Amino acid sequence: MRFFNSRSFQTCIYFSCILIMVSHKIALASNHTGLSVSSHDVLVLVNDSTSFDILALESFNQDVEAKLLTQHENLVKLIPTEHIFKADTTENVTVTVTGLNPGHLVVGAETQLNESWIIQDLFVRITVANSRSIIYISFIFGWIYFIAWSVSFYPQIYTNFRRKSVIGLNFDFVYLNIVGFALYSVFNCGLYWIPEIQAEYAKRHPRGLNPVLLNDVVFSLHAAFATIITIAQCLIYERGKQSVSKTASGMLSLFALIVIITASLAIANVIHWLDFLYYCSYIKLTITIIKYVPQALMNYRRKSTVGWSIGTILLDFTGGTLSMMQMILNAYNYGM
């Protein structure tokens, strides 16, 4: 019996060729690199100029006209805003950026062709600042408050060690602190080290920067470690009748319930892991707002601050003050 006649064989060969051609075209499309830029981040001062290059990473089979699009035309002036990339050639175009007013914007692009791969990497985040000196001062303030906040845990640890007692240190404050910094560490480590979460963040904010830097990870892990040392001191040193209050226990139980529910939803793919990290950050923010209240009430009722290190408060206050000053400087410098 003949399974294929000559016509069937020819038809099979025809469709096989079509499939090969389509597969080849898809493979080529997936490897297209199109247009890009020399830098995705540009800083320019008001009334000053800088530049970036638009790079044609491969030649096109027809002319491609690219037009730059700005979110806020009153912040920068771009020259040129349009360019035609000739077919079968590769060339780079230098774009001059002149700062007009302080602020942040993203420059994108469009083409006359309905091919998104051509311009998907053609974007620039531009920051327009009033003063370069303020940038340096803000940077210095940032490192000073990072150090102040990091060191702020140790005066209390030293006080406990010297007295061999934790009487005067409120346990609600300590246990709220460890939960807050543990969740803060989860948030930072997840966004800094887990590619899947980074990919989800990039999907939601395709032209944004990852908000977590290495110093954020180091600070949160160090803060959790220092708080664990303090908790160990609470377990081994004299503590009198001090314990975690029912109010704090209830709040910690509520926070734990939220974490368990949101983590379960993430495991079941009901929400993304990025959303779980956001919930962790919300809890951390809540704890930051309320954690000093139990210690302040305890000091008021005792009419004493014995056992509570003033160094911790001074360093924390210094860090917070410099953080606010940095935000004020940045608000002026970037027109926020």
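Above: the structure in question.
All of these numbers come straight from a predicted model, not from anything done at the bench.

## As for helix α6 (residues 214-236)
Point 1. With 23 residues, α6 extends 34 Å from end C-alpha to end C-alpha; this agrees with the ideal 33 Å at 1.5 Å per step.
Point 2. Along α6, the positions that sit buried rather than exposed are Val217, Phe219, Ser220, Ala223, Ala224, Ala226, Thr227, Thr230, Ile231, Gln233 and Cys234.
Point 3. Its buried side turned inward, α6 meets α2 (132-151), α3 (154-163) and α4 (171-193).

## A closer look at the packing of aromatic side chains
Point 1. Counted according to the given criterion, the structure contains 14 aromatic pairs.
Point 2. Ring geometry for Phe181 against Phe219: centres 6.2 Å apart, planes inclined by 80 degrees, an arrangement best described as edge-to-face. Within this pair, whereas Phe181 is found in helix α4, its partner Phe219 is found in helix α6, the two being separated by 38 residues in sequence. When sorted by exposure, Phe181 lands in the same class as Phe219, which is buried.
Point 3. Look at Trp273 and Phe276: their rings are 5.5 Å apart centre to centre, the planes differ by 90 degrees, and that puts the pair in the edge-to-face class. Taken together, the positions of Trp273 and Phe276, both in helix α8 (residues 273-290) and three residues apart, correspond to about one turn of that helix.

## Quick word on the nonpolar core
Point 1. Counting 29 residues, the largest nonpolar core has Phe52, Leu68 and Ile126 as its most contacted members.
Point 2. Only β1 (35-37), β2 (41-45), β3 (49-56), β4 (64-70), β5 (76-79), β7 (92-99), β8 (103-111) and β9 (124-129) provide two or more residues apiece to this core.
Point 3. Filtering out sequence-adjacent residues up to four positions away, Leu68 remains in contact with Phe52, Ile54, Leu78, Pro80, Thr81, Val95, Val107, Gly108, Ala109 and Leu122.
Point 4. Counting 20 residues, the second largest nonpolar core, distinct from the first, contains Leu183, Val212, Phe276 and Cys280.

## Digging into the sheet that holds β1
Point 1. Spatially, four strands are ordered β1-β3-β7-β5 in an open sheet, and the strand pairing comes out antiparallel. Taken across any chain shown, the strands that pair with only one partner, and hence form the sheet edges, are β1 and β5. Averaged over neighbouring strand pairs, the angle between their axes works out to 25 degrees when direction is ignored.
Point 2. Bridging between β1 and β3 involves three bridges; their strand directions are antiparallel. Residue Leu35 lies in a different strand from β3, and its bridge partner there is Ala56.

Cut-offs and rules
- Residues numbered from 1 in each chain as written.
- Predicted model: local features only at pLDDT ≥ 70, side-chain atom pairs only at ≥ 80, totals over all residues.
- Heavy atoms only, no water.
- Helix = DSSP H or I, 4+ residues; strand = E, 2+ residues; numbered from the N terminus.
- Expected span 1.5 Å × (residues − 1).
- Buried < 20%, exposed > 50% of the residue type's maximum accessible area, 1.4 Å probe, protein only.
- Contact = heavy atoms within 4.5 Å.
- Phe/Tyr/Trp six-rings, centres within 6.5 Å; stacked < 30°, edge-to-face > 60°.
- Core = buried A, V, L, I, M, F, W, Y, C linked by side-chain atoms within 4.5 Å.
- Pairing = 2+ DSSP bridges.
- Axes fitted to C-alpha atoms, helices over the stretch in contact; angles between N-to-C directions.

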